[in-house]
Amino acid sequence: METSEFQEWVKEYYESRGWSDLDIFVRIGFLAEETGEVARAIRSLEIGRDRPDEQPESYDRNREELVGELGDVLGNVAVIANKYDISLDEVFEAHKEKLSARYSVR
């Protein structure tokens, strides 16, 4: 799936669920929550959870969980970008340009 297709799908899906109508500060809270879930998924991949009330998962299952959580982060970023009429392609390009300028080889 191309970036623009994903962004449009998120727009349509989130609108159909009423999720795009939420206050932007609520959305930022969701983004923070999902970022924490990415951290948890990475911990599971790297060092495990070490909890007696949970069974350890396989590397593949933990990786699958990380993929899903990264998708949740990207979905929230897409909703925020859509609110301000910013394409994810524009975000990617701006980030690339910013880092290239900041850390260019001299």
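In this text the structure is predicted, and so the values were computed from the model without any measurement.

**Side note on the overall build of the protein chain**
Here's step 1: Tallying secondary structure elements over the protein chain gives four helices and zero strands in all.
Here's step 2: Put simply, the protein chain runs from its N terminus to its C terminus through helices and strands in the order α-α-α-α.
Here's step 3: Against the globule reference of 13 Å for 106 residues, the protein chain gives a C-alpha radius of gyration of 17 Å, more extended than a compact globule.
Here's step 4: Expressed as lengths along the three principal axes of its C-alpha atoms, the size of the protein chain is roughly 50 × 45 × 30 Å.
Here's step 5: Restricting the contact set of the protein chain to residue pairs at least 6 apart, pairs at least 24 apart contribute 73%.
Here's step 6: In the form shown here, the protein chain has an accessible surface area of approximately 8,200 Å², with 53% of it arising from carbon and sulfur atoms.

**Re the pattern of salt bridges**
Oppositely charged side chains may form a pair once their charged atoms are brought near each other.
Here's step 1: For the structure on display, the rule yields three salt bridges.
Here's step 2: Here Arg61 ties to Glu64 by a salt bridge, and the two come within 3.3 Å at their closest N and O atoms. Taken together, the positions of Arg61 and Glu64, both in helix α3 (residues 59-83) and three residues apart, correspond to about one turn of that helix.
Here's step 3: A relative accessible area of 34% means that Arg61 is categorised as partly exposed.
Here's step 4: For Glu64, a relative accessible area of 51% corresponds to the exposed category.
Here's step 5: For the salt bridge of Arg61 with Glu65, the shortest nitrogen-to-oxygen distance reads 3.3 Å. Of this pair, Arg61 and Glu65 both sit in helix α3, separated by four residues, roughly a single helical turn.

**Focus on helix α2 (residues 24-46)**
Here's step 1: The first and last C-alpha atoms of α2 sit 33 Å apart over 23 residues, in line with the 33 Å expected at 1.5 Å per residue.
Here's step 2: Taken as a whole, α2 has its buried residues at Ile24, Arg27, Leu31, Glu34, Val38, Ala41, Ser44 and Leu45.
Here's step 3: Tucked inside the fold, the buried residues of α2 contact α1 (3-17) and α3.
Here's step 4: Phi turns positive, to about 80°, at Gly48, one or two residues after α2.

Each value, and the rule that gives it
- Residues numbered from 1 in each chain as written.
- Predicted model: local features only at pLDDT ≥ 70, side-chain atom pairs only at ≥ 80, totals over all residues.
- Heavy atoms only, no water.
- Helix = DSSP H or I, 4+ residues; strand = E, 2+ residues; numbered from the N terminus.
- Rg over C-alpha atoms; globule rule 2.2 N^0.38 Å.
- Contact = heavy atoms within 4.5 Å.
- Areas by Shrake-Rupley, 256 points an atom, 1.4 Å probe, with all protein chains shown as cover.
- Salt bridge = Lys/Arg side-chain N within 4 Å of Asp/Glu carboxyl O.
- Buried < 20%, exposed > 50% of the residue type's maximum accessible area, 1.4 Å probe, protein only.
- Expected span 1.5 Å × (residues − 1).

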